[in-house]
Amino acid sequence: MSHYDMVVKNGTLVVPYTGTIKADIGVREGRVACIASEIATSEAEQTLDATGKMIFPGAVDSHYHVGIYRPLSEDAESESASSAFGGVTTLISYFRTGQHYLNKTGMYREIFPEVLELSRGHFYTDYGYHIAIMTNDQISEVQALVKQHGVGSFKFYMFYKGLNLTADSTRGSDYTMADNYDLGHLYKLMKRVAWVASRNRQFGRIALSLHCENPELIRVFIEEVKVGGLTGLEAYSNARPPLTERLSISEATILADATNCPINLLHLSSQLALQAAIESRRQFPHLDIQLETTLHHLALTYDSAGGIKGKVNPPIRERKDADFLWQGVLNGDVDTVVSDHACCFEEQKKEDDLWGSLPGFGGSSLLYPVLLSEGFHKRNLPLIRIAELLAANPARNFGLYPKKGTIAVGSDADFAIIDLHKEQIVTPSLLHSAQDFSPFDGMSVTGWPSHTILRGQVVLSEGRLVAEPAIGQYLKRPIGLHPER
Ligand SMILES: [Zn+2]
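Caption draft 1: The coordination of the zinc ion, seen in detail. Surrounding the zinc ion are the protein donor atoms His-63 (NE2), His-65 (NE2) and Asp-340 (OD), which sit 2.0 to 2.1 Å from the metal. All donor residues of the zinc ion come from one chain, and their arrangement in sequence is H-x1-H-x274-D. Of the two residues, His-63 is situated in strand S6 (residues 59–64) and Asp-340 in the loop between strand S13 (336–338) and helix H13 (367–379); the sequence distance between them amounts to 277 residues. When its relative accessible area of 0% is taken as the criterion, His-63 is described as buried. Asp-340 sits in the buried class, given a relative accessible area of 7%.

Caption draft 2: Up close: unusual backbone geometry. Along the chain, Asn-313 connects to Pro-314 via a cis peptide bond; the corresponding omega equals -15 degrees. Turning to its location among the elements, Pro-314 is positioned in the loop between helix H11 (295–299) and helix H12 (319–331). Each neighbour pair has its own omega, and for Tyr-401 with Pro-402 the value is 0 degrees, a cis peptide bond. Assignment of secondary structure puts Pro-402 in the loop between helix H14 (383–397) and strand S14 (415–425). A positive phi is found at His-267, a non-glycine position, where the angle reads about 30 degrees. Here His-267 shows up in the loop between strand S11 (263–265) and helix H10 (271–283). Residue His-267 is classed as buried on the basis of its relative accessible area, which comes to 2%. A positive phi angle, near 45 degrees, is found at Arg-455, a position not held by glycine. As for its placement among the helices and strands, Arg-455 is situated in the loop between strand S15 (444–454) and strand S16 (457–461).

Caption draft 3: Up close: the packing of helix H7 (residues 215–228) against helix H9 (residues 242–259). H9 packs onto H7 with a crossing angle of 170 degrees between their chain directions and a minimal axis gap of 9 Å. Between H7 and H9, the angle falls in the class roughly antiparallel. Our pair here, H7 against H9, has a crossing hand that is right-handed. On the side of H7, the interface is formed by Leu-217, Ile-218 and Phe-221, while H9 contributes Leu-243, Thr-244 and Leu-247. Its residues assigned to classes, the contact of H7 with H9 shows 5 nonpolar, 1 polar and no charged.

Caption draft 4: View of the environment of Ser-444. Inspection of the secondary structure assignment puts Ser-444 in strand S15. In this structure, the C-alpha to C-alpha distance between Ser-444 and Ile-425, residues 19 residues apart in sequence, is 4.4 Å. Residues within four places of Ser-444 in sequence aside, it is in contact with Ser-373, Glu-423, Gln-424 and Ile-425. Polar side-chain contacts of Ser-444 include one of 3.0 Å to the side chain of Glu-423.

Caption draft 5: Just the pairing of strand S9 (residues 153–157), in detail. Summarising burial for S9: 5 of the 5 residues are buried, a large majority. Residues Ser-153, Lys-155 and Tyr-157 point to one face of S9 and Phe-154 and Phe-156 to the other, with burial holding for every one of them. Where strand S8 (residues 126–132) lies against S9, 2 bridges are found, and the strand directions are parallel. Along S9, the bridge assignment pairs Ile-131 with Phe-154.

Caption draft 6: Spotlight on the packing of aromatic side chains. Applying the stated criterion to the full structure yields 14 aromatic pairs. Ring geometry for Tyr-127 and Tyr-129: centres 6.3 Å apart, planes at 80 degrees, overall edge-to-face. According to the relative accessible area criterion, Tyr-127 is buried, its value standing at 3%. Judged by its relative accessible area of 1%, Tyr-129 is buried. Between the NZ or CZ atom of Lys-226 and the centre of the ring of Trp-355, over which it lies, the distance is 5.3 Å. Seen from the ring of Phe-159, Arg-240 lies directly overhead, with NZ or CZ sitting 4.8 Å from the centre.

Caption draft 7: Just the sheet that holds strand S7 (residues 88–95), in detail. Read across the sheet, 8 strands follow the order S6-S7-S8-S9-S10-S11-S12-S13 without closing on themselves; strand pairing throughout is parallel. The sheet is open, and its two borders are formed by S6 and S13, each paired with just one other strand. Along the sheet, successive strands turn relative to each other by an average axial angle of 30 degrees, direction set aside. Seen against the sheet, H14 touches S6, strand S12 (289–294) and S13 and runs at an angle of roughly 65 degrees to S6.

The rules behind these values
Residues numbered from 1 in each chain as written. Predicted model: local features only at pLDDT ≥ 70, side-chain atom pairs only at ≥ 80, totals over all residues. Heavy atoms only, no water. Donors = N, O, S within 2.8 Å, 3.2 Å for Na, K, Ca; no water. Helix = DSSP H or I, 4+ residues; strand = E, 2+ residues; numbered from the N terminus. Buried < 20%, exposed > 50% of the residue type's maximum accessible area, 1.4 Å probe, protein only. Axes fitted to C-alpha atoms, helices over the stretch in contact; angles between N-to-C directions. Parallel < 35°, antiparallel > 145°, perpendicular 65-115°, else oblique. Left-handed = near helix turned anticlockwise from the far one by under 90°. Contact = heavy atoms within 4.5 Å. Nonpolar A, V, L, I, M, F, W, Y, C, P; charged D, E, K, R; others polar. Polar contact = N/O pair within 3.5 Å; in protein donor to acceptor, adjacent residues only side chain to side chain. Pairing = 2+ DSSP bridges. Phe/Tyr/Trp six-rings, centres within 6.5 Å; stacked < 30°, edge-to-face > 60°. Lys NZ or Arg CZ within 6 Å of the ring centre and 35° of its normal.

Encoded structure:
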């Protein structure tokens, strides 16, 4: 009888916070059972030869929007498959009531089981959910969401609060389907999240994620841009300039300080935003503030993102902003890099309709490839840092570490086996997403996974998807509060 279900032989392991080592990995019952200089092939049911390749922990893409513009089950199936092509083994998706998604409002105790039901059997990766608390009534559900449903993280959109302040106030509340979506709501929510987080600290991190853009300023800048006649992605960036991020980060962190709420500042897009975030860490050293940026804000500029197809909130910026974000990635200010994946179609992005086009796009499958290509190869970003940015740090921030995000005895056997020197030009079809375009289209990228392994099962093998969508399991977070077995 074999000792291991699988042995991965002859690869070089990239172990977060530790280093790179040449070793064989023995997998039993979905977990890493042994890391040794040599494990005999005869001890294993199945052997995977990784000679010349790097073995990274499977990526944890912690910013995702499954089902935002398409039916949830269908979107989960096509987009999690796409993620697996890039070495992602876990994704954590945002869900909220209001427009898009399931287009309804109410209590999460009724709506969230429906989300889980629509999800079950449709993921090629393991998955979890962050929940946006949109209404006053939902604030009372925070503790139950953590304890019963395993939702260990929440969200507030700073730029939706303005939707209730515009002249057309009915339209705003139609969108959020909420009455008082403002700083008062945020304050109450932070108090609640902070309370639940402190009571459960020994089980893992519970936190509030913030989309920081200020809507009152956006309203004024949109008017200016419309008068000025500028079009395209540069106009979109001018309509929601970095100042709106800076002001919003300042408001959010002052409230976080007042409530002692652990927070994540999402998708920092610009120099000013990252500087404001770093400054808030200095100003409130006792606070737990985690900084996130995205692949597209690092790798694209408003000149290179393919026109309106690159419309996203916050907008893609200019070269100097991307350079500053890279610097933050290199020097350790930025904790996580994510995709903010939101699958949509080219027909929803009209070149002559900047304001009416849908924001967002997908890019999850490019996380490892682009960070290796633009980070490791071009900017000397160490491989271990890439494993931390894409796997270990998001797993820690969202209560999944060390089950997910690392390669260690006892951890889930989730691997991205990567050929550092494989070069491919990005096309929409290469990404295996339902999305029929990509703002990364035409980019030459060096460093691609040949295999993706989820809990010891092969999902991707040499460019072919070989698993079924029933493979993905829902992850209750933080894992310390929801132990398995
Ligand atoms: Zn997002």
